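In case you want the letters, here they are:
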Amino acid sequence: MCGIVGYCGPKRVLPVILEGLKRLEYRGYDSAGVVYLEDGKLVKHRSKGKLSNLEAIIDDAIITPSHIGLGHTRWATHGAPTTENAHPHSDCTGDIVVVHNGIIENYHSLREELKAKGHTFTSETDTEVLAHLIEDNLENDLVEAVKKAVALLDGSFAIGVLWAGMPDTLIAVRNQSPLVLGVSAASGTFLASDIPALLPYTNEVIFLNDMEMAVLTSESQDIFSLVDGKTIEKKIETIKWNAAMAEKAGYKHFMLKEIYEQPQAITNTVSGRINPETGEVNLPELNLSASDLENIDRIIFVACGTSLHSALVAKYWIEKYAHIPVEVDIASEFRYRHLLINERVLTVSLSQSGETADTLAGMRIAKGLGSKVITICNVVGSTMTREADGTIYTHAGPEIGVASTKAFTSQLAALFLLTLFLAEQRNTLSGEERLKLGKDLIDIAGVIEKEIPRLQEEIGTLIESYYDARDFLFIGRGLNFPIALEGALKLKEISYIHAEGYASGELKHGPIALIDKDMPVLALVPQDDVYQKSISNVEEIRARQGRIILIGTEGDAHLSNITEDVIYLPKVADVMNPILYTIPAQLLSYEIASRRGCDVDQPRNLAKSVTVE
Ligand code: F6R
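What counts, and at which threshold
Residues numbered from 1 in each chain as written. Predicted model: local features only at pLDDT ≥ 70, side-chain atom pairs only at ≥ 80, totals over all residues. Heavy atoms only, no water. Helix = DSSP H or I, 4+ residues; strand = E, 2+ residues; numbered from the N terminus. Buried < 20%, exposed > 50% of the residue type's maximum accessible area, 1.4 Å probe, protein only. Near = heavy atom within 4 Å. Polar contact = N/O pair within 3.5 Å; in protein donor to acceptor, adjacent residues only side chain to side chain. Areas by Shrake-Rupley, 256 points an atom, 1.4 Å probe, with all protein chains shown as cover. Nonpolar A, V, L, I, M, F, W, Y, C, P; charged D, E, K, R; others polar. Expected span 1.5 Å × (residues − 1). Axes fitted to C-alpha atoms, helices over the stretch in contact; angles between N-to-C directions. Parallel < 35°, antiparallel > 145°, perpendicular 65-115°, else oblique. Contact = heavy atoms within 4.5 Å. Pairing = 2+ DSSP bridges. Domains from an automatic or database assignment. Buried area = accessible area lost by both parts, 1.4 Å probe. Salt bridge = Lys/Arg side-chain N within 4 Å of Asp/Glu carboxyl O.

1. Here we look at unusual backbone geometry
The step from His87 to Pro88 runs through a cis peptide bond, and the omega angle for that step is 0 degrees. Of note, Pro88 is situated in the loop between strand S4 (68-74) and strand S5 (89-90). Here Met211, not a glycine, exhibits a phi torsion of approximately 60 degrees, which is positive. With respect to the helices, strands and loops of the structure, Met211 is situated in the loop between strand S11 (204-207) and strand S12 (212-216). Classification of Met211 by relative accessible area gives partly exposed; the value is 25%. For Asn605, which is not a glycine, the phi torsion comes out positive at approximately 65 degrees. Looking at the element boundaries, Asn605 is found in the segment after helix H18 (577-595).

2. Let's talk about the site of the ligand
Taken together, 13 residues surround the ligand, and among them Ser307, Ser351, Ser353, Thr356 and Glu493 come closest. At a separation of 2.6 Å, an oxygen atom of the ligand approaches a polar side-chain atom of Ser307. Between the ligand and Ser351 there is a distance of 2.6 Å, counted from an oxygen atom to a side-chain nitrogen or oxygen. Coverage of the ligand by the protein amounts to 90% of the 400 Å² it exposes when considered alone. Elements with a minimum of two residues in the shell around the ligand: helix H9 (305-321) and helix H15 (481-495). Residues that form the shell around the ligand fall into these classes: 3 nonpolar, 8 polar and 2 charged.

3. Here's the deal with helix H13 (residues 406-426)
Look at H13: 30 Å from first C-alpha to last across 21 residues, which is about the 30 Å you get at 1.5 Å a residue. Counting buried residues along H13, 19 of its 21 residues qualify, which places the element largely inside the surrounding structure. Immediately beyond the C-terminal end of H13, within one or two residues, lies Asn427, with a positive phi of roughly 60 degrees.

4. What to know about the packing of H13 against H18
Relative orientation of the contacting elements H13 and H18 amounts to 175 degrees, with a least axis distance of 10 Å. When the interaxial angle is binned, H13 and H18 end up roughly antiparallel. Packed against H13, whose contacting residues are Phe408, Thr409, Leu412 and Ala413, the element H18 presents Pro578, Ile579, Thr582 and Gln586 at the interface. Here the contact of H13 with H18 is built from residues that sort into 5 nonpolar, 3 polar and no charged.

5. Some details on the sheet that holds strand S9 (residues 180-184)
Spatially, S3-S2-S4-S1-S10-S9-S11-S14 is the arrangement adopted by the 8 strands of the open sheet, whose pairing is antiparallel. Strand pairing shows two members of the sheet lacking a second neighbour, strand S3 (41-48) and strand S14 (237-238), which therefore form its edges. Its contacts with the sheet place helix H1 (residues 13-23) against strand S1 (3-8), strand S2 (31-38), S4 and strand S10 (188-192), and it is angled at close to 25 degrees to S4.

6. Focus on the domain arrangement of the protein
It is common to give the size of an interface as the accessible area lost on bringing the parts into contact. Taken domain by domain, the protein comprises domain 1 (2-247), domain 2 (257-444) and domain 3 (452-595). Between domain 2 and domain 3, the residue contacts involve 26 residues of the former and 26 residues of the latter. Summed over both partners, the interface of domain 2 with domain 3 buries about 2100 Å², with 77% contributed by carbon and sulfur atoms. Run the count over domain 2 and domain 3 and you get 0 salt bridges. Listing elements by their share of the side of domain 2 that touches domain 3, those giving two or more residues are helix H6 (254-260), helix H7 (262-270), H9, H13 and helix H14 (431-462). It is H9 that provides the largest number of residues to the side of domain 2 that touches domain 3, a total of 8 residues. Of the residues contributing to the side of domain 2 that touches domain 3, the split by class is 17 nonpolar, 7 polar and 2 charged.

7. Brief notes about the packing of H9 against H15
Orientation of H9 relative to H15, taken along the N-to-C sense of each, is 170 degrees, at an axis distance of 8 Å. Relative to H15, H9 is oriented roughly antiparallel. Where H9 abuts H15, its residues Gly305, Thr306, His309, Leu312, Val313 and Tyr316 lie against Phe481, Pro482, Ile483, Leu485, Glu486, Leu489 and Lys490. The residue makeup of the contact of H9 with H15, split by class, is 8 nonpolar, 3 polar and 2 charged.

8. Structural notes on the sheet that holds strand S24 (residues 566-569)
Sheet architecture is open: 5 strands sit in the order S21-S20-S22-S23-S24, paired in parallel fashion. Of all strands in the sheet, those with a lone pairing partner are strand S21 (498-503) and S24, marking the two edges. Neighbour-to-neighbour, the strand axes of this sheet turn through a mean angle of 15 degrees, independent of strand direction. Relative to S21, strand S20 (residues 471-476) runs parallel, the two sharing 6 bridges. Bridge pairing in S21 links Gly476 to Ala503. Along the sheet, H15 makes contact with S20, S21 and strand S22 (520-525), crossing S21 at roughly 175 degrees. Along the sheet, helix H16 (residues 531-542) contacts S20, S22 and strand S23 (547-553); its crossing angle with S22, the most-contacted strand, is approximately 165 degrees.

9. Examining the pattern of salt bridges
Tallied over the full model, the rule gives 33 salt bridges. Between Glu19 and Arg23 there is a salt bridge, with its nearest N and O atoms 2.7 Å apart. Placement of the pair is Glu19 and Arg23 together in helix H1, with a separation of 4 residues, close to one helical turn. On the accessibility criterion, Glu19 (25% relative accessible area) is partly exposed. A salt bridge links Glu387 to Arg364; its shortest N-O distance comes to 2.7 Å. Taken together, the residues span a long stretch of sequence, with Glu387 in helix H12 (residues 383-387) and Arg364 in helix H11 (residues 357-368) at a distance of 23 residues. Residue Glu387 is classed as partly exposed on the basis of its relative accessible area, which comes to 26%.

10. Some thoughts on the environment of Pro578
Looking at where Pro578 falls in the secondary structure, it is placed in helix H18. Judged by relative accessible area, Pro578 falls into the buried class, the value being 0%. When the C-alpha atoms of Pro578 and Gly69 are compared, they prove to be 47 Å apart, with 509 residues separating the residues in sequence. Apart from the residues within four sequence positions on either side, Pro578 is in contact with Val313, Trp317, Leu412, Leu479, Asn480 and Ile483.

This is how it looks when you write it as structure tokens:
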């Protein structure tokens, strides 16, 4: 969702910015632009569509000796994705430019006021008001003018500002939209919406907090609070990811690479946190004391999309093994509901990015009501990790494909660790049971690793009869119901096939009316404690001539009597089925989308990090 890149330093600016923007493509965008300073003048290039369109029009400019500039990828909110609406936006003189992520909620009234003062607008965006506001407040001190302009804004914003009158300085401000600085003695100062844009140049970063402003030159990063004006000494943090981790490494798509990376991501998430000899779980970053844990009488998970599905699995696990009631809430609903929350509730936010606006708002509300808040997150230093009382990091590495894969299964691994930890603290399982479950978790990565190549091959063939479907149903029971939801979400977002996930038992309460030969149904039917029930549901579909794909347990010969399209998976402990059964669901979506020629890594209309409501 919108990407900002800024640079000032000894390198030529355009290649740095374009490279950075490419590394933010995964966030989703529909137009792009750059600006740099050359011979005292700001030079701006913008284009709708992909970055390749922008590159095509700046082909000659790439040799500019300029060493300072800004770039932006825009995901349209106010105004269509046109060249005129693409950032950077300028003031009336053309000497001030801004790039912006987020939404300026009061832009309409500001725009009217500015127009009445004689300002001329050239776009429909909320962002352009900012350039004119800075112009309106500028005497000869850009810092003061930006401060005054920002004070007039309501909403969320991460912004970058460049003024021809201050040729060595970039200004950045963050409020409710992520922004990170990269610092390097040799290469200069960088500004970006997310870490992958910085990784080719540095892994030393500074995270900005809300209402902080940074004044950046090639050698300096002065940061101060917009609340009290005081200078802030920021810690420089070292990121362990490297640039290669955010590259495709020979795979056709990032999504496929990330599907293959899942065994490693799960192992990285689990290792060092569970003692294989005793089953004891160690989660020091959780920051919950024994009395905090004793006090909890309910857990609420708050999340969106795929992260919400992992929370639904955790509900089954935690209620069964740690005996704590669990609620799972869609963050965008949670934040506007009448919440019955107090200090006896533990709120857990789940987010791959740690920046999702609704989830973040939900966390803040729960905290305000006295709840302890922890977050399960994949991005070190993200806003959620900084605001939560405690964190469990998933160690999935950077996830670039917009459709979440390895971040999801790593969340499941982290949630199972949390389950075991709570069971240990609450004494709800014997040491032997915990040891066995811990071993099941440790072993699952190895099982997946062996299966992925075979599954990809089998599924690649199977989808030839399904890739042109218009609709799809995914069904599962118990622990696999959330995986049916996740399978359906994956398919619809990357292949644009309409897909729904249902609890198998719900089918006869409505959706079964849809079943006919044109409605493929994918059913998850492992030989678990609800196996017979799941098979009965599948029989109901067969009786209505539905086309069925079954994913079940190796050696279950009955499945091939029901349909010829069976994908077999090895028998693992039932509790690990959600992690294992996710893999064929992801591969099916991937293979279908790829066969249909879809833009798998950057599906239309979607953004990786949803930083607006
Ligand atoms: C779908 C997907 C989204 C995200 C959702 C929340 O593949 O990735 O549904 O799960 O936008 O994002 P995070 O996890 O970053 O809070």
